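So you can see what is in the structure, the chains are spelled out below.
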Amino acid sequence: MSGPSWRDRLLGGFKKTSDRLVGNLAGLGAARLDGETLDEIEEALIASDLGPATAMRIRDRLEEEQVERGMEELGIRLVVAEEIEKALAPVARPLMTDKGRPQVMLVIGVNGSGKTTTIAKLAAILKGDGLKVMLAAGDTFRAAAIGQLKTWADRVGVPIVSGAEGGDAAGIAFEALKRANEEQVDVLIVDTAGRLQNKRELMDELAKIRRVLGRIDPGAPHDVLLVLDATTGQNALSQIEVFKEVAGVTGIVMTKLDGTARGGVLVAAAEKYRLPIHAIGVGEKVDDLRGFDPHEVARIIAGVETFQKG
């Protein structure tokens with residue numbers, strides 16, 4: 001018996017976010033939206049973590065269009081969905097694996113963001129696509145991180161290069177890329193330390209990893225993927241800010257959307273930073289991480305189908 005479809009998992013994953021947004025908008029629909037009601041709608045959208053830019057754009061759309069069509073609750077939800085889609089469409093980009101072999105993906109993110117499990121899920125997806133994948137346990141700051149990644153590598157069935165706790169992360173990355181070349185690996189995924197308490201230390205470590213990888217392949221790393229925990233809400237935006245500065249982020253993976261009412265931060269991140277969002281996670285299983293359809297996600301967040309069915 002097959003499990004729920006990806007769409008069903010999206011509906012379930014974004015349920016808390018959608019319920020929060022709908023709850024914040026409840027009772028604000030009216031045949032005529034005056035300035036006070038529009039202000040309340042804008043505040044409700046910001047409270048739902050959609051971000052001030054998207055909230056303001058939706059407010060302006062509602063003000064313009066209420067003359068042309070009635071602004072009952074469905075009308076408001078449709079405008080919200082359309083504007084969310086506008087924010088998400090330019091950044092919803094699948095992770096490409098055609099940049100040369102081996103393609104090196106440096107994965108970064110704070111401890112607890114779901115970084116290790118995301119690496120495992122990416123490895124499983126890429127392996128399922130017929131690619132030869134290798135992992136490098138570059139988070140030598142925590143012994144638990146090395147052990148956890150080894151466990152996942154065994155579970156997924158991919159090789160891993162690791163060292164001792166407190167070892168040289170750059171040395172492990174160098175050894176891994178050397179082996180990846182020798183073994184004709186397609187994708188090398190490198191884990192990194194997630195500490196942010198000392199930005200300079202993290203910046204120096206990542207710069208060193210880049211330098212040693214560059215000795216083997218001047219183009220490496222080809223991707224710098226930031227894993228964000230959606231349950232942190234607006235704190236996720238400040239993490240993008242820091243990691244953009246210290247690591248040159250090229251794309252985002254957002255996890256734990258199924259455990260939060262703050263999934264609107266996906267929209268705020270898209271609007272503010274315009275970085276590719278390669279995948280979203282709505283569960284613990286390997287296939288609960290994948291790319292997304294901006295139109296579908298926007299309508300789910302805005303609760304359009306739920307409203308029409310009800």
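Here the structure is a predicted model, which means the values were calculated and not measured.

A. Structural view of the overall build of the protein. Scanning the protein for helices and strands turns up 13 helices and eight strands. Expected size for 310 residues packed as a compact globule is a radius of gyration near 19 Å; at 21 Å, the protein falls within 12% of this value. C-alpha extents for the protein along the principal axes are approximately 65 × 50 × 30 Å. Buried positions account for 54% of the 310 residues belonging to the protein. Total accessible area on the protein stands at roughly 13000 Å², and carbon and sulfur atoms take up 51% of it. With 40 positive and 46 negative side-chain charges, the protein shows a separation of 5 Å between the mean positions of the two kinds.

B. Examining unusual backbone geometry more closely. A cis amide bond, omega -5°, links Ala 220 with the succeeding residue Pro 221. Within the secondary structure layout, Pro 221 lies in the loop between helix 9 (199-216) and strand 5 (223-229). For Gln 184, which is not glycine, the phi torsion reads 55° and is therefore positive. In this structure, Arg 274 takes a positive phi of about 60° despite not being glycine. If you trace the backbone, Arg 274 turns up in the loop between helix 11 (265-273) and strand 7 (277-281). Judged by its relative accessible area of 45%, Arg 274 is partly exposed.

C. How the structure looks around the packing of helix 5 (residues 73-88) against helix 11. At a closest axis distance of 8 Å, the pairing of helix 5 and helix 11 adopts a crossing angle of 50°. By the angle between their directions, the pair helix 5 and helix 11 is classed as oblique. As helix 5 runs across helix 11, the sense of the crossing is left-handed. From helix 5, Ile 84, Ala 87 and Leu 88 reach across to helix 11, where they touch Leu 266, Val 267, Ala 270 and Glu 271. For the contact of helix 5 with helix 11, the per-class residue count stands at six nonpolar, no polar and one charged.

D. Here's a closer look at the nonpolar core. Counting residues in each nonpolar core, the largest one holds 79 residues, and the members touching the most others are Phe 14, Leu 45, Val 80, Ile 240, Ile 280 and Val 297. When residues no more than four places from it in sequence are discounted, the contact partners of Phe 14 are Leu 257, Gly 263, Leu 266, Ile 280, Val 297, Ile 300 and Ile 301.

E. Expanded view of the environment of Leu 50. When you line up the elements, Leu 50 lands in the loop between helix 3 (35-47) and helix 4 (52-65). Distance in space between the C-alpha atoms of Leu 50 and Leu 266 is 7.6 Å, their sequence separation being 216 residues. Not counting chain neighbours up to four residues away, the residues in contact with Leu 50 comprise Leu 21, Leu 45, Ile 84, Gly 264, Val 267 and Ala 268.

F. Representation of the pattern of salt bridges within the structure. On inspection of all chains with the given rule, the structure shows 24 salt bridges. For Arg 57, the salt bridge goes to Glu 83, with nearest N and O atoms at 2.6 Å. Taken together, the positions of Arg 57 in helix 4 and Glu 83 in helix 5 put the pair 26 residues apart, joining distant regions of the chain. Judged by its relative accessible area of 26%, Arg 57 is partly exposed. On the basis of relative accessible area, Glu 83 is assigned to the buried category, the value being 1%.

Calculation rules
- Residues numbered from 1 in each chain as written.
- Predicted model: local features only at pLDDT ≥ 70, side-chain atom pairs only at ≥ 80, totals over all residues.
- Heavy atoms only, no water.
- Helix = DSSP H or I, 4+ residues; strand = E, 2+ residues; numbered from the N terminus.
- Rg over C-alpha atoms; globule rule 2.2 N^0.38 Å.
- Buried < 20%, exposed > 50% of the residue type's maximum accessible area, 1.4 Å probe, protein only.
- Areas by Shrake-Rupley, 256 points an atom, 1.4 Å probe, with all protein chains shown as cover.
- Lys, Arg positive; Asp, Glu negative; His and termini not counted.
- Charge placed at Lys NZ, Arg CZ, Asp CG, Glu CD.
- Axes fitted to C-alpha atoms, helices over the stretch in contact; angles between N-to-C directions.
- Parallel < 35°, antiparallel > 145°, perpendicular 65-115°, else oblique.
- Left-handed = near helix turned anticlockwise from the far one by under 90°.
- Contact = heavy atoms within 4.5 Å.
- Nonpolar A, V, L, I, M, F, W, Y, C, P; charged D, E, K, R; others polar.
- Core = buried A, V, L, I, M, F, W, Y, C linked by side-chain atoms within 4.5 Å.
- Salt bridge = Lys/Arg side-chain N within 4 Å of Asp/Glu carboxyl O.

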